[in-house]
Amino acid sequence: MMDKDLILLGHGSGGKLSHQLLDELIIPTLSGVSVAGQNDAAVVEHNGQRLAFTTDSYVVDPIFFPGGNIGTLAVNGTVNDLAMMGARPLFMSVGLILEEGMSRRELAAILASMREAADGAGIAIVTGDTKVVPRGKADRLFINTSGVGVVENGVEINGCKARVGDRVIINGTIGDHGIAVLAAREGLELSTDIESDCAALNGLVAELLKEGDALRVLRDPTRGGVATTLKEIAIQSGVTVTLREESLPLKNGVKGVCSILGLDPLYVANEGKLLAIVAPERADAALDRMCQHPLGRDAAIIGEVTGASDGRVQLETAVGGMRGVEMLAGEQLPRIC
Amino acid sequence: MNYLDEFRDRQVVLGFAERIRGLVEGRTTPMTFMEICGTHTMAIYQYGIRSLLPAEVRLISGPGCPVCVTPNGYVDRAIALARLPGTIIATFGDMVRVPGSSTSLMEERARGADIRIVYSPLDAVALAARNPQLRVIFLGVGFETTAPTIAGSILAAEQQGLANYFVLTAHKTIPVPMQILADDPELRIDGYLCPAHVSAIIGANAYRPLAEKQGIPCVVTGFESTDVMQGVEMLVRQVLAGESRVENQYRRVVTAEGNVRAQAVLTRVFTPCDVAWRGIGVIPGSGLRIAEPYARYDAERAIPVAVEALREHRGCLCGEILKGKVSPFDCPLFATTCTPEAPVGACMVSSEGTCAAAYKYGR
């Protein structure tokens with residue numbers, strides 16, 4: 001039987017083990033609100049002003065990958081967590097943990113791209129911290145960020161708001177980031193042209209917010225992929241979500257790598273994608289808004305909230321079969337034969 | 001043509017479904033077909049194939065998931081080796097989470113063991129070349145599909161004069177257990193969906209004794225949804241015609257003779273042996289061990305280590321599930337005590353395991 005005392009890699013996968021660690025240890029000790037009620041950022045109120053507040057740590061390996069690097073990931077990821085609450089990102093912090101011996105040139109390149117990403121998203125990096133640890137005690141560079149944004153009056157985005165009949169929309173192809181990073185990893189000689197989708201989504205969100213109350217839920221399907229994120233929303237809202245496999249936008253390169261390695265793209269990480277749950281009568285309008293935005297050209301309606309339940313997600317397969325969709329369990333591992 | 005979508009065509013699949021329904025309509029006894037290979041099991045769940053087939057056609061899953069049939073004792077030995085100083089364990093990803101008698105390689109990695117996931121055994125050889133002061137032990141688990149590449153890694157290590165590369169083998173071959181299950185009166189198998197990629201190595205002719213002597217229809221079948229549906233239709237037609245032949249649905253990859261070069265590498269480095277299948281028992285002649293001239297690469301013979309006493313998990317129905325006699329849903333541990341996060345048996349962790357497929361897609 002498993003040794004309960006050990007922290008395993010799977011505890012950081014964003015899937016079931018991560019949820020267990022949060023629910024059993026971290027949240028009861030630190031705050032007390034169940035993970036099922038958690039969103040990408042906390043929304044706190046002060047003097048009548050609602051603020052969204054988030055934090056994240058970045059440990060991606062390798063630190064440079066096609067389509068981005070650990071720095072762009074940190075800035076865009078922080079912006080996105082705020083944007084998913086409907087907030088306008090304002091300020092962020094950057095904490096750097098450097099490994100002794102890291103190249104100063106590489107650090108400079110990463111910092112420059114962070115500045116560029118922050119300027120592009122309209123967020124100001126206003127405070128930070130730098131630590132260096134002995135060689136071997138970290139892997140070149142880890143980054144921790146926090147971010148603050150303002151939630152305008154009338155904006156109510158929450159994972160618990162999905163209702164029967166609502167449509168599920170995604171702003172483009174799935175799995176690009178995870179496959180780009182995997183292919184860039186040493187030891188896996190795959191030549192693909194897949195680039196990470198790493199991007200700040202606050203501009204796209206600002207467009208979607210024009211839909212007002214019809215926009216119920218926003219969430220970015222990062223670790224754990226679309227499957228895990230939709231499962232979280234389904235549980236939070238107490239609904240069944242039915243996906244149509246045929247409608248899932250997927251690049252041929254991602255499809256190919258997933259087939260070779262036995263990965264399910266539904267569980268592969270994205271860094272520039274959002275899932276929007278939208279009232280049925282406004283779904284086509286929301287889709288149009290997405291398609292007109294540069295980060296939403298391949299947007300598609302991929303499913304529907306089909307009933308009330310304790311959080312079921314199911315998939316109508318491309319060949320017309322039906323199957324359940326669970327959260328990511330452990331790490332996604334390649335096949336053995 | 002991208003060679004994926006064409007083989008997952010909805011209309012083609014639905015066409016097969018309709019024809020199969022028409023063929024078996026009105027039958028009072030269902031036809032039972034076993035898919036041997038774990039990749040088939042996963043594909044059948046992933047595509048929702050069962051929901052497309054009529055009640056008269058029953059698909060049951062066989063023992064063709066190499067991780068699932070690897071006995072606990074093997075995992076225990078791998079763990080004991082991982083704990084030796086100066087040792088790197090190199091493995092395909094699936095083995096890392098498989099529970100042994102008291103722990104797993106994943107837990108040992110968290111405790112400090114050096115365990116590397118590789119995508120090819122040649123990566124493990126390269127690891128040995130880069131780390132001459134350490135020994136690198138590759139976990140050789142798999143059927144005829146992987147065995148030739150692992151044999152090739154031993155030949156590569158020999159060519160490079162590496163003295164620090166070893167393989168801990170638990171290789172198994174597919175046809176013998178198929179012959180045994182075919183005679184099982186409890187199962188009453190009406191036909192086999194034969195493995196796709198194993199057959200690419202051993203060739204479709206390998207199933208002729210099954211078809212010709214034991215009277216079981218055999219169809220070598222690919223892994224895509226159209227492949228599986230066509231394979232089922234071919235089996236249905238054989239049963240209705242009272243035939244038992246080897247047919248090859250997967251002609252775009254599999255030949256009658258198989259991959260002769262791979263077979264040659266296999267017989268050069270490995271020799272057949274009796275081997276234990278987890279949950280099933282010892283099946284004579286169904287394993288592959290490293291042949292005498294290459295014994296110095298065999299981790300079991302070359303690196304003595306004390307292995308903990310074997311402890312089987314009580315209540316685990318993996319054996320019956322691997323033989324196709326019960327479904328994962330019949331196991332009292334399924335999705336309660338045994339989950340992918342805290343697996344009791346390997347069938348729950350392997351990406352080809354019947355329980356993993358049922359947990360992930362079937363509930």
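If you're wondering where the values come from, they're calculated on a predicted model, not measured in any experiment.

All names here are of chain B. Here helix 6 (residues 147-159) crosses helix 11 (residues 260-269) at 65°, and the two axes come no closer than 9 Å. Crossing geometry of helix 6 relative to helix 11 is assigned as left-handed. Touching Ala147, Pro148, Ala151, Gly152, Ile154, Leu155 and Glu158 of helix 6 are Ala262, Val265, Leu266, Arg268 and Val269, all from helix 11. Split into classes, the residues belonging to the contact of helix 6 with helix 11 amount to 9 nonpolar, 1 polar and 2 charged.

With that settled, consider the sheet that holds strand 3 (residues 87-91) of chain B. As a general point, the strands of a sheet are linked pairwise by backbone hydrogen bonds and lie either parallel or antiparallel. All names here are of chain B. Strands sit in the order 4-3-5-6-11-10 across an open sheet of 6 strands; the sheet is mixed. In the strand order of this sheet, the two ends are held by strand 4 (114-117) and strand 10 (270-277), each with one partner. Adjacent strand axes in the sheet meet at a mean angle of 25°, parallel and antiparallel pairs treated alike. Sheet analysis places strand 6 (residues 165-172) next to strand 11 (residues 281-290), joined by 2 bridges and oriented antiparallel. By the bridge assignment, histidine 171 is partnered in strand 11 with leucine 288. Those strands touched by helix 3 (residues 72-82) are strand 3, strand 4, strand 5 (135-142) and strand 6, and its axis lies near 170° from that of strand 6. On the sheet, helix 5 (residues 121-130) packs against strand 3, strand 4, strand 5 and strand 6 and is oriented at approximately 170° with respect to strand 5.

This part covers the packing of helix 5 of chain B against helix 6 of chain B. Residue and element names in this part refer to chain B. It is the contact of helix 5 with helix 6, at a shortest axis distance of 8 Å, that shows an interaxial angle of 25°. Looking at the two axes, helix 5 sits roughly parallel to helix 6. Considering how the two elements wind past one another, helix 5 and helix 6 form a crossing that is right-handed. Counted together, Pro121, Leu122 and Val125 of helix 5 and Thr149, Ile150, Ser153, Ala156 and Ala157 of helix 6 form the full contact between these two elements. Looking at the contact of helix 5 with helix 6 residue by residue, the classes come out as 6 nonpolar, 2 polar and no charged.

Let's shift gears to the interface of chain A and chain B. The interface is formed by 41 residues belonging to chain A together with 47 residues belonging to chain B. At the boundary of chain A and chain B, one finds 3 salt bridges. On the surface where chain A and chain B come into contact, there are 9 residue pairs in polar contact (both at pLDDT 80 or more). When contributions to the side of chain A that touches chain B are tallied by element, the ones reaching two or more residues are helix 1 (16-30), helix 7 (252-261) and strand 14 (322-325) of chain A. With 5 residues, helix 7 of chain A is the single largest residue contributor to the side of chain A that touches chain B. Of the residues contributing to the side of chain A that touches chain B, the split by class is 20 nonpolar, 10 polar and 11 charged.

Okay, empty space enclosed by the protein next. All names here are of chain B. Overall, the coordinates contain 4 cavities of 30 Å³ or more when judged by the stated rule. As for the second largest cavity, its lining consists of Cys316, Leu317, Cys318, Ile321, Cys331, Leu333, Phe334, Cys338 and Cys355. Looking at the lining of the second largest cavity, its residues break down into 9 nonpolar, no polar and no charged.

All names here are of chain A. One can find threonine 145 in strand 7 (residues 141-151). For threonine 145, a relative accessible area of 0% gives the class buried. At 2.6 Å, the side chain of threonine 145 forms a polar contact with the side chain of threonine 78.

Another aspect to go through is the nonpolar core. Judged by nonpolar contacts, the single largest core of 76 residues is most densely connected at B:Tyr192 and B:Tyr207. It is helix 3 of chain B that provides the largest number of residues to this core, a total of 6 residues. If we ignore the near neighbours within four places in the chain, the residues touching B:Tyr207 are B:Met178, B:Cys194, B:Pro195, B:Val198, B:Ser199, B:Ile202, B:Cys218, B:Val220 and B:Val246. If you look at the next biggest cluster of nonpolar residues, it comprises 51 residues, including A:Ile157, A:Ile169, A:Leu204 and A:Leu287.

This paragraph deals with the environment of B:Ser104. Residues and elements named next belong to chain B. Tracing the backbone through its elements, the reader meets serine 104 in the loop between strand 3 and helix 4 (105-110). Along the chain, serine 104 and arginine 261 lie 157 residues apart, while their C-alpha atoms are 36 Å from each other. For serine 104, the contacting residues outside a window of four places in its chain are Ile79, Val96, Arg97, Val98 and Pro99.

Time to look at the pairing of strand 13 (residues 313-316) of chain A. Residue and element names in this part refer to chain A. As defined by bridge partners, strand 10 (residues 239-244) adjoins strand 13 across 4 bridges and the pair is classed as parallel. Opposite threonine 242, over in strand 13, you have glutamine 314 as the bridge partner. Taken together, the 4 bridges between strand 13 and strand 14 define a ladder with antiparallel strand orientation. Bridging across to strand 14, glutamine 314 finds its partner in glycine 324. In this structure, the hairpin formed by strand 13 and strand 14 is closed by a connection of 5 residues, where glycine 320 is found at a positive phi of approximately 95°.

Residues and elements named next belong to chain B. Each assigned domain of chain B is listed with its residue range as follows: domain 1 (5-64 + 175-248), domain 2 (72-174 + 258-302) and domain 3 (318-361). The C-alpha centroid of domain 3 is placed 22 Å from the C-alpha centroid of domain 1. Tallying the contact residues gives 16 residues for domain 1 and 13 residues for domain 3. Summed over both partners, the interface of domain 1 with domain 3 buries about 1,200 Å², with 59% contributed by carbon and sulfur atoms. A per-residue breakdown of the area domain 1 buries against domain 3 is headed by Met42, Tyr45 and Ser61, which together make up 43% of the total. Residue aspartate 184 is joined to lysine 325 by a salt bridge in which the shortest nitrogen-to-oxygen separation is 2.8 Å. Viewed at the interface, domain 3 and domain 1 are joined by 2 residue pairs in polar contact (both at pLDDT 80 or more). Those elements that provide at least two residues to the side of domain 1 that touches domain 3 are helix 2 (38-46) and strand 2 (57-64).

Another aspect to go through is the domain arrangement of chain A. All names here are of chain A. By the assigned domains, chain A splits into domain 1 (39-150) and domain 2 (167-325). Summarising the inter-unit geometry, the C-alpha centres of domain 1 and domain 2 are found 23 Å apart. Listed by partner, the interface residues are 19 residues for domain 1 and 21 residues for domain 2. Buried area between domain 1 and domain 2, both sides added, is near 1,700 Å², and the carbon and sulfur share of it is 58%. Considering only the side of domain 1, the residues that lose the most area to domain 2 are Pro66, Asn80 and Met84, jointly responsible for 31% of the buried surface there. Here domain 1 and domain 2 share 0 salt bridges between them.

Using the criterion set out here, one finds 34 salt bridges over all chains in the structure. A:Glu211 is the partner of A:Arg289 in a salt bridge, and the nearest nitrogen-oxygen pair spans 2.7 Å. Here the residue A:Arg289 occupies a position in helix 8 (residues 283-292), and A:Glu211 occupies one in the loop between helix 5 (202-208) and strand 9 (215-219), the gap between them amounting to 78 residues. Look at A:Arg289 and you get partly exposed, because its relative accessible area is 24%. In the salt-bridge network here, residues are joined through shared partners; they are B:Arg83, B:Glu107, B:Glu108 and B:Arg111.

The rules behind each value
- Residues numbered from 1 in each chain as written.
- Chains lettered and ligands numbered in written order.
- Predicted model: local features only at pLDDT ≥ 70, side-chain atom pairs only at ≥ 80, totals over all residues.
- Heavy atoms only, no water.
- Axes fitted to C-alpha atoms, helices over the stretch in contact; angles between N-to-C directions.
- Helix = DSSP H or I, 4+ residues; strand = E, 2+ residues; numbered from the N terminus.
- Left-handed = near helix turned anticlockwise from the far one by under 90°.
- Contact = heavy atoms within 4.5 Å.
- Nonpolar A, V, L, I, M, F, W, Y, C, P; charged D, E, K, R; others polar.
- Pairing = 2+ DSSP bridges.
- Parallel < 35°, antiparallel > 145°, perpendicular 65-115°, else oblique.
- Salt bridge = Lys/Arg side-chain N within 4 Å of Asp/Glu carboxyl O.
- Polar contact = N/O pair within 3.5 Å; in protein donor to acceptor, adjacent residues only side chain to side chain.
- 1 Å grid on protein atoms, 1.4 Å probe; cavity = no way out; pocket = protein on both sides within 12 Å on 5 of 7 lines; lining within 4 Å.
- Points joined across faces, edges and corners; volume = space filled by probe spheres on them.
- Buried < 20%, exposed > 50% of the residue type's maximum accessible area, 1.4 Å probe, protein only.
- Core = buried A, V, L, I, M, F, W, Y, C linked by side-chain atoms within 4.5 Å.
- Domains from an automatic or database assignment.
- Buried area = accessible area lost by both parts, 1.4 Å probe.

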